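Structural description and commentary
Residue strings, one per chain:
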Amino acid sequence: REDYGYGTTSRSTRLIHGGLRYLEMLDFGLVRQDLKEREILLKIAPHRVQPLPFLVPFYHTSLFYRLKMRVGMALYDLLSYDKTLPNHRMLGKEETQRAEPGLKEEGLQGSAMYYDCQVAFPERLCLDNILSAQRNGAQTYNHTQVHEVLRDAEGRVYGVKVQNRLTGEESEHRGKIVINATGAWVDRLLEGWQAPKPRHLRLTKGIHFAAPPANRCALVLFSKTDRRLMFAIPWLGYSWVGTTDTDFDADLDMVHALPEEVAYLQETVSDYLPQGNWSEIHFTNAGVRALVRDNRPNANESAVSRKHGIVLHTQSEGLEGMITVLGGKITAYRDIAEEVSNLAGSFLSDTTEGKTATTPLPGGD
């Protein structure tokens, strides 16, 4: 509807990672999927995705906690058994200080070092996929808003009516299958196309800020307020700090960082890196995660799984012929796209095998 990558893609933490937090939630399937995809992206998009060392510093922690972290790191290595990145290392206090001199010395016991990846510009990764699609025959349009679905007399979807937001020109586009992959906007679109139903998504907001550089490695930090995991990451000469995780139900086009959210991040990062200039914020960003709704009572924002979901709409919904994609992390985007494409292919009796896991993206060769 806007330019490519306008939504959650351009507002992310800019990481391609398995996610230690999801390991703690025992979401082994999600972690394995992301670690497998991390390795694929290193091969097909080496110009976009680069290895990045992470440190988890230990302060005033028990022996049990450090043993638990060691086991978790070993499990992370095990789940990425096909990786080309180095395995984790446990560092003592002096090694940790050499790796990250800016860390607060008081109470520092050591750290765990492991590797994940960074994508400095996920918008460019998005664009690479669009260019690849065009080279394979796709027609692509930005600044183009879907206004309504086209349905036949039986209520089957056979296309969409769209409007070019720059010129006002309207047109219709038809196909045998319509895939709705509109991220955080999914429920808002579906509400206009079918009888009211429970929402598919839980939307949560995350913010980041860019400050003067204060760290060499990516740091895994835990909030002083609620112990939630966050990152401080070296990015393009800045320290990129985030993220928050709060429910969001307002205008998706007006999402922005609030002063109290910035202060929440500042409080934690200044405690770990006291020499940093955390009062000088160059800019902030804010985005909305599209999480598959968890109907368990009192499930907090951070505990909701990042697994994706797929909805096959039915005739009773008036949307037969449409497939909706829910949630998912940017790390697993290729695998999710392949799964959805294979599903669409099964309806079209097309069993063509996907090649995106081995074909370099434009520039990746």
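Just above sits the structure.
Conventions we followed
Residues numbered from 1 in each chain as written. Predicted model: local features only at pLDDT ≥ 70, side-chain atom pairs only at ≥ 80, totals over all residues. Heavy atoms only, no water. Helix = DSSP H or I, 4+ residues; strand = E, 2+ residues; numbered from the N terminus. Rg over C-alpha atoms; globule rule 2.2 N^0.38 Å. Buried < 20%, exposed > 50% of the residue type's maximum accessible area, 1.4 Å probe, protein only. Contact = heavy atoms within 4.5 Å. Lys, Arg positive; Asp, Glu negative; His and termini not counted. Charge placed at Lys NZ, Arg CZ, Asp CG, Glu CD. Pairing = 2+ DSSP bridges. Axes fitted to C-alpha atoms, helices over the stretch in contact; angles between N-to-C directions. Core = buried A, V, L, I, M, F, W, Y, C linked by side-chain atoms within 4.5 Å. Phe/Tyr/Trp six-rings, centres within 6.5 Å; stacked < 30°, edge-to-face > 60°. Salt bridge = Lys/Arg side-chain N within 4 Å of Asp/Glu carboxyl O. Polar contact = N/O pair within 3.5 Å; in protein donor to acceptor, adjacent residues only side chain to side chain.

Quick look at the overall build of the chain now. When helices and strands are tallied, the chain shows eight helices and 16 strands. Here the chain has a C-alpha radius of gyration of 22 Å; the compact-globule value for 365 residues is 21 Å, and the two agree. Projected onto its principal axes, the C-alpha coordinates of the chain cover approximately 70 × 40 × 40 Å. Taking all 365 residues of the chain together, 48% fall into the buried category. Of the contacts made within the chain by residues no fewer than 6 positions apart, 71% connect residues no fewer than 24 positions apart. Separation of charge centres in the chain, based on 42 positive and 46 negative side chains, amounts to 4 Å.

Let's shift gears to the sheet that holds strand β6 (residues 157-164). With respect to topology, three strands assemble into an open sheet ordered β5-β6-β7, the strand pairing being antiparallel. Because the sheet does not close on itself, it has two edges, and the strands there are β5 (144-151) and β7 (170-174). Averaged over all pairs of adjacent strands, the angle between strand axes in this sheet comes to 25°, irrespective of strand direction. In terms of strand pairing, β6 meets β7 through five bridges, oriented antiparallel. Counted as the bridge partner of glutamine 163 is glutamate 170 from β7.

Another aspect to go through is the sheet that holds strand β15 (residues 309-312). Taken together, three strands build an open sheet; the order of strands is β8-β16-β15 and the sheet is mixed. Each end of this open sheet is capped by a strand with a single partner; those strands are β8 (178-180) and β15. Within the sheet, the average angular offset between the axes of one strand and its neighbour, ignoring direction, is 20°. Pairing analysis gives four bridges linking β15 to strand β16 (residues 322-326), with the strands arranged antiparallel.

Looking now at the nonpolar core. Among the nonpolar cores identified, the biggest contains 73 residues, and Phe54, Val56, Tyr114, Phe209, Val220 and Val269 are the most heavily contacted of them. If we ignore the near neighbours within four places in the chain, the residues touching valine 269 are Phe209, Leu221, Ala232, Val241 and Trp278. Membership of the second largest hydrophobic core comes to twelve residues, among which are Leu41, Leu42, Ala45 and Leu85.

Quick look at the environment of proline 213 now. By the element assignment, proline 213 lies in the loop between β9 (201-211) and β10 (218-222). Sequence spacing of proline 213 and leucine 319 is 106 residues, and the spatial spacing of their C-alpha atoms is 50 Å. What proline 213 contacts, discounting residues up to four positions off in sequence, is Gly237, Tyr238 and Ser239.

Taken as a whole and judged by the stated rule, the model has twelve aromatic pairs. Centroid distance phenylalanine 58 to tyrosine 65: 6.1 Å. Interplanar angle 90°. Geometry classified as edge-to-face. The interplanar angle of 85° and the centroid separation of 5.5 Å between the aromatic rings of tyrosine 238 and phenylalanine 283 together place this pair among those described as edge-to-face. One end of the pair, tyrosine 238, is in strand β12 (residues 238-242); the other, phenylalanine 283, is in strand β14 (residues 283-292), with 45 residues separating them in the sequence. Since its relative accessible area comes to 31%, phenylalanine 283 is described here as partly exposed.

Before going further, it helps to spend a moment on the side chain of aspartate 187. Mapping aspartate 187 onto the fold places it in helix α6 (residues 186-193). Arginine 199 provides the closest opposite charge to the buried, salt-bridge-free aspartate 187, at an N-O distance of 4.9 Å. Polar side-chain contacts of aspartate 187 include one of 3.0 Å to the backbone nitrogen of leucine 201. Beyond its immediate stretch of four places on either side in the chain, aspartate 187 contacts Arg199, His200 and Leu201.

The amide bond that connects glycine 242 to the next residue, threonine 243, takes the cis arrangement and shows omega of 10°. Despite not being glycine, histidine 60 shows a phi value in the positive range, around 50°. Structurally, the position occupied by histidine 60 is in the loop between β2 (49-59) and α3 (63-79). Positive phi values are uncommon outside glycine, yet serine 349 reaches one of about 55°. If you trace the backbone, serine 349 turns up in the segment after α8 (333-347).

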